[in-house]
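Survey of secondary and tertiary structure
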Amino acid sequence: MSSPVAVLEPHAPPTVPPAAAGVAHRGRRLRSVTWRLVRPVVVIALFLATWELAPRIGLVDRVFLPPLSEVVDAWLMLLGNGQLWEHVSASLSRALAGLALAIAVSIPLGVTIGWYRPVADFFNPILELFRNTAALALLPVFVLILGIGETSKVALVIYASSFPILLNTISGVRTVDPLLIKSARSLGLSQIRLFQKVVLPAAVPTIFTGLRMAAASSILVLIAAEMVGAKAGLGYLITASQLNFQIADMYAGIVTIALVGVVFNGILVAIEGRLSGWRATT
């Protein structure tokens, strides 16, 4: 009589309790978010550490690139004696005045050009001509016509800032989803309400891309203009420090420009988030 043969059935994989799976998922998500936050800090810390160590160990000449600690000391000294704020306030007043005027002109004009084809056909030749002309190439023209004072610097900022805002506004208006426009018109929205409720909100991200580009351009061209002829401003600080061989002060001015640019960009990103927050719910 043969003995019965036991049949081995494959074991089912152990099931993970839903609570444990949720905890594991939250842990992975927390690690991912933490790394996204820590990664920029690590990169910046490595850059700053390299800046501090490279002159000290002789990789670069510390006469021309002082260690970061010396630049920080110079920055604090300029801040303490009031020179840094004097130069920052002079540059900011020029940049903000030019940027505000550029926004006031470029956004309405960009909306008009983007929405009305006859207006676009009329302005396109002149736009194509001037959009490819570098702002700094026209600096001597602005100085000759408007003088070496504040007017020429603000006018140069307006010129450099207007085209990024204008072109991105035109692009934002033209790329609005046609279905949204048709739906709004079928609901009986007037032209003004259509712009207010559909066109402008949909174009906000593209417009703010232009604003961020314009903010960066305004600072760059203004610094260059202040290097040519000014008695105050970050560009003047950098040039005067270089001519007087105050190299740490020169780098302090450069670092300040970078910080101003980061603050500008952060403010614009925050405003964009407030104005286009409805997109997160769609």
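Look a little higher up for the structure.
What this report covers is the structure whose coordinates are included nearby. Residue numbers run consecutively from 1 along every chain, following the written order of its sequence. With pLDDT at 70 or above as the cut-off, local features in this predicted model cover only qualifying residues; side-chain atom pairs require 80 or more to be listed or tallied, and sums for whole chains, interfaces and linings still use all residues. In computing side-chain values, all of the structure's heavy atoms are included and hydrogens and water are not.

Attention now goes to the side chain of Glu226. Of note, Glu226 is situated in helix 8 (residues 191–228). At a separation of 2.6 Å, a polar atom in the side chain of Glu226 contacts the side chain of Arg94. In this text, helices come from DSSP runs of H or I with a minimum length of four residues, and strands from runs of E with a minimum of two, each type numbered from the N-terminal end. What qualifies as a polar contact is a pair of N or O atoms within 3.5 Å, subject to a donor-acceptor requirement within protein and to the restriction that residues adjacent in sequence count only when both atoms come from side chains.

As a further point, take the packing of aromatic side chains. When two rings of Phe, Tyr or Trp (its six-membered ring) have centres within 6.5 Å they constitute a pair, described as stacked for plane angles under 30 degrees, edge-to-face for angles over 60, and tilted for the intermediate range. One pass over the full model with this rule turns up six aromatic pairs. Summarising the aromatic geometry, the rings of Phe47 and Trp51 are spaced 6.2 Å apart at their centres and angled 55° between planes, so their arrangement reads as tilted. Remark: Trp51 and Phe47 occur in helix 1 (residues 18–56); sequence separation between them is four residues, near one turn of the helix. We classify Phe47 as exposed; its relative accessible area is 53%. A residue is classified by how much of its surface remains accessible, and Trp51, at 12% relative accessible area, is buried. Ring pairs connect the aromatic residues Phe47, Trp51 and Tyr251, which therefore count as one cluster. Buried, partly exposed and exposed residues are distinguished by accessible area as a fraction of the type maximum, computed with a 1.4 Å probe on protein chains only: under 20%, between the cut-offs, and over 50%, respectively.

Before going further, it helps to spend a moment on the nonpolar core. Among buried residues, the Ala, Val, Leu, Ile, Met, Phe, Trp, Tyr and Cys ones that are joined through side-chain atoms within 4.5 Å form a nonpolar core. Formed by 29 residues in total, the largest nonpolar core has its most connected members in Ile165, Leu211, Ile219, Leu234, Tyr251 and Ile257. Residue assignment for this core shows that the elements contributing at least two residues are helix 2 (68–80), helix 3 (83–115), helix 8, helix 9 (234–243) and helix 10 (247–275). Ranked by the residues each element gives to this core, the list is headed by helix 8, at nine residues. It only takes one pair of heavy atoms within 4.5 Å for two residues to be counted as in contact. When sequence neighbours within four positions are dropped, the list of residues in contact with Ile219 reads Ile257, Val260, Gly261 and Phe264.

Angles shown run from 0 to 180 degrees and are taken between the N-to-C directions of axes, each axis being a line fitted to C-alpha atoms and, for helices, limited to the stretch in contact. Closest axis-to-axis distance for the helix 5 (residues 139–146)/helix 6 (residues 150–174) pair is 9 Å, and the angle between their directions is 140°. Between helix 5 and helix 6, the crossing angle belongs to the class labelled oblique. When you trace helix 5 past helix 6, the crossing you get is right-handed. Contacts from Leu139, Phe142, Val143 and Leu146 in helix 5 reach Thr151, Ser152, Ala155, Leu156 and Tyr159 in helix 6. Residues are grouped as follows: nonpolar covers Ala, Val, Leu, Ile, Met, Phe, Trp, Tyr, Cys and Pro; charged covers Asp, Glu, Lys and Arg; every other residue, Gly included, is treated as polar. Residue composition of the contact of helix 5 with helix 6, by class: seven nonpolar, two polar and no charged. Orientation is classified from the angle alone, with under 35 degrees giving roughly parallel, over 145 giving roughly antiparallel, 65 to 115 giving roughly perpendicular, and any other angle giving oblique. By the definition used in this description, the sense in which the near helix is turned from the far one sets the handedness, with an anticlockwise turn below a right angle giving left-handed and a clockwise turn giving right-handed.

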